[in-house]
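Chain residues, written in single-letter form:
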Amino acid sequence: MSIFLKRLILVLIVIAAGVFCYSYFTGGILSKPLSPKKTVSFSVDDIKLEVFYNRPSKRERVVFGALVPFDEVWRTGANEATTFETNKALTVGGKTLPKGKYTLWTIPHDDTWEVIFNSKQYKWGVDETMKAMRNPNFDVVTYTCPVQQLNTTVEQFTIAFDNSTDNLSLTMAWDNTKVVVPLK
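Just so it is clear, the structure is predicted and the values come from calculations on it, not from any experiment.

### A word on the environment of His109
Relative to the helices and strands, His109 is located in the loop between strand 6 (100-108) and strand 7 (112-118). When the C-alpha positions of His109 and Pro69 are compared, they lie 8.4 Å apart, and in sequence the two are 40 residues distant. Apart from the residues lying within four places of it in its own chain, the contact partners of His109 are Phe70, Asp71, Glu114 and Val147. A distance of 2.7 Å separates polar atoms of two side chains, one belonging to His109 and the other to Glu114.

### What to know about the side chain of Ser169
Residue placement: Ser169 occurs in strand 10 (residues 169-182). Not counting residues within four places of it along the chain, the set of residues in contact with Ser169 comprises Ala160, Phe161, Asp162, Val180, Val181, Pro182 and Leu183.

### Concerning the side chain of Asp175
Residue placement: Asp175 occurs in strand 10. By relative accessible area, Asp175 is classed as buried at 11%. A polar atom in the side chain of Asp175 sits 3.3 Å from the side chain of Lys58. Not counting the four nearest positions on each side in its chain, Asp175 is found in contact with Lys58, Val63, Leu150, Thr152, Thr153 and Val154.

### Brief notes about the sheet that holds strand 2 (residues 47-54)
With respect to topology, six strands assemble into an open sheet ordered 1-2-3-6-7-8, the strand pairing being antiparallel. Each end of this open sheet is capped by a strand with a single partner; those strands are strand 1 (37-44) and strand 8 (139-146). Recorded for the sheet is a direction-independent mean angle of 20° between the axes of neighbouring strands. Taken together, the seven bridges between strand 7 and strand 8 define a ladder with antiparallel strand orientation. Pairing of Val115 across the sheet is with Tyr143, part of strand 8.

### Description of the pattern of salt bridges
Taken as a whole and assessed by the stated rule, the structure comprises five salt bridges. The salt bridge involving Asp139 is made with Arg134; its shortest N-O contact spans 2.5 Å.

### Focus: unusual backbone geometry
Positioned with a positive phi, Arg59 is a non-glycine residue whose angle comes to about 45°. Mapped onto the secondary structure, Arg59 falls in the loop between strand 2 and strand 3 (83-86).

### Section: the environment of Leu168
Relative to the helices and strands, Leu168 resides in the loop between strand 9 (148-162) and strand 10. A residue is classified by how much of its surface remains accessible, and Leu168, at 13% relative accessible area, is buried. Taking the C-alpha atoms as reference points, Leu168 and Lys38, 130 residues apart in sequence, are found 20 Å from one another. With near-sequence residues (within four places) excluded, Leu168 lies in contact with Phe42, Leu49, Phe161, Asp162, Asn163, Val181, Pro182 and Leu183.

### Structural notes on the nonpolar core
The tendency in soluble globular proteins is for nonpolar side chains to be buried as a group. One finds Phe84, Phe117, Phe161, Leu170, Met172, Val181 and Leu183 to be the most contacted residues of the largest nonpolar core, which totals 32 residues. Where this core is concerned, the elements lending two or more residues are strand 1, strand 2, strand 4 (90-92), strand 6, strand 7, strand 8, strand 9 and strand 10. Of the residues forming this core, the biggest block, five residues, is contributed by strand 10. Here Val181 is in contact with Val92, Val115, Tyr143, Cys145, Leu168, Ser169, Leu170 and Met172, once residues within four sequence places are set aside. Within the second largest apolar cluster, five residues are counted, among which are Ala81, Trp105, Ile107 and Tyr122.

Cut-off values and rules
- Residues numbered from 1 in each chain as written.
- Predicted model: local features only at pLDDT ≥ 70, side-chain atom pairs only at ≥ 80, totals over all residues.
- Heavy atoms only, no water.
- Helix = DSSP H or I, 4+ residues; strand = E, 2+ residues; numbered from the N terminus.
- Contact = heavy atoms within 4.5 Å.
- Polar contact = N/O pair within 3.5 Å; in protein donor to acceptor, adjacent residues only side chain to side chain.
- Buried < 20%, exposed > 50% of the residue type's maximum accessible area, 1.4 Å probe, protein only.
- Pairing = 2+ DSSP bridges.
- Axes fitted to C-alpha atoms, helices over the stretch in contact; angles between N-to-C directions.
- Salt bridge = Lys/Arg side-chain N within 4 Å of Asp/Glu carboxyl O.
- Core = buried A, V, L, I, M, F, W, Y, C linked by side-chain atoms within 4.5 Å.

Shape is all these values report; function is a separate question.
Written as C-alpha cells, this is what we have:
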C-alpha cells in the first residue's frame, strides 16, 4: 500500500473519531437542540418588526417561580440574549421606543412582568455565574404588564406578534402564563 493511501486512511480515521466524539458529547449531530433558535417577523405597511430568541421547553418542570425565578431579570428565552428590532419608532406603554435593535429582558413576578427594551447588544444572555448580563444603564423602555393564566400548557416558550384586532401587540407565552405588550 502506498504512503499516500496510508495517510489518507489515517486522516479519515482521525476525522471519524472526531465526529464520533463530538456526537457522543453533544447528544448527536442530527439531534434537535433543546432550545432551538427562532426568528419572528411582522410587517404591515411600512413597519417591520423582528424578534430573535431561543425557545426553551417546559419538559415537565415548574417554570415560573422555579426554573425562571420570580423578581429576577430573565434573558427572556435561552442561550443568546433575545433581540427585538424595529425600523420605526414605536410607543410601548406610553413611552417612545426609537427605531433600532434592542435586547429584550423581563422580570417575571407572580402577577405582573416587567418587559425591558435595552439598547446594548450582548453576545450571550447570562454570564458564567448564570446571572443575566443586562446593564440597566442601557434600558430605554420598561413596561409592566399583567400576567394572564392560560387554560392550556405551552410546552415551548413562544414569542409572537398579534394584530388580530388592529391593536398590535407582542405576546410571550410559556407553561400556563402569557403576557401582552401593546405596541403602537
